[in-house]
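Each chain is listed here by its residues.
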Amino acid sequence: MMEKSFVMMKPDAVARRLMGKILTRFEEKGLQLKAIKLMTISEDLAKEHYGEHSEKPFFNDLVDYIISGPVLAMVIEGDDAISLIRKMVGATNPQEAELGTIRGDYGIQTGRNIIHASDAPESAEREIGLFFNEDEIVDYDMVDNTWIYEEL
Ligand code: UDP
């Protein structure tokens, strides 16, 4: 089933000039970029995005990290894209993330783990709504989709 995921390169990915390399992974996989925005997140938005963690001991450090510099927010679409992208991203702790995943290849500690990706359809919908207006999500066809999907 075609799904949209919310994916965000965190401030460390931007600061370490990893944006192009990470975006290339998604493009080369055959996924489709539907929206992209370089932005600095307000404290309120960071707290809302990570609301489920508000009682956790790492919450304040997490918010500080996420607002410490610009992030690259994206909507990425593909067949089963939410779980597929989570696989490409790897485990939350980069020490546990498999090599070959984004966190496994570029990160070392959980508090600097490079990238966020939605973990379920409900969170994808909520997060896309938090970061993007409808008119920022671009509807267009990829001519190579017939070489990526047996049937569309
Ligand atoms: N996090 C942290 N310390 C922890 C657990 C999580 O700093 O002990 C941060 C980390 O940036 C992580 C984010 O909080 O990506 C959200 O945590 P979650 O468990 O939802 O992991 P994710 O879905 O990002 O893999």
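Before going into details, it helps to say that this report is about the structure given with it.

What counts, and at which threshold
Residues numbered from 1 in each chain as written. Predicted model: local features only at pLDDT ≥ 70, side-chain atom pairs only at ≥ 80, totals over all residues. Buried ≥ 20, exposed ≤ 12 C-beta atoms within 10 Å, placed from the backbone. Helix = DSSP H or I, 4+ residues; strand = E, 2+ residues; numbered from the N terminus. Pairing = 2+ DSSP bridges. Near = placed C-beta within 6 Å. Nonpolar A, V, L, I, M, F, W, Y, C, P; charged D, E, K, R; others polar.

Attention shifts here to the pairing of strand 3 (residues 71-79). Across the nine residues that make up strand 3, a large majority, seven, are buried. As paired elements, strand 1 (residues 2-9) and strand 3 share eight bridges and run antiparallel to each other. Bridge pairing in strand 3 places methionine 9 opposite leucine 72.

When you line up the elements, lysine 10 lands in the loop between strand 1 and helix 1 (11-15). Sequence spacing of lysine 10 and asparagine 113 is 103 residues, and the spatial spacing of their C-alpha atoms is 7.8 Å.

In this section: the site of the ligand. Around the ligand, the neighbouring residues are His53, Phe58, Leu62, Thr92, Thr110, Gly111, Asn113, His116 and Asp119. A per-class count over the shell around the ligand returns two nonpolar, six polar and one charged.

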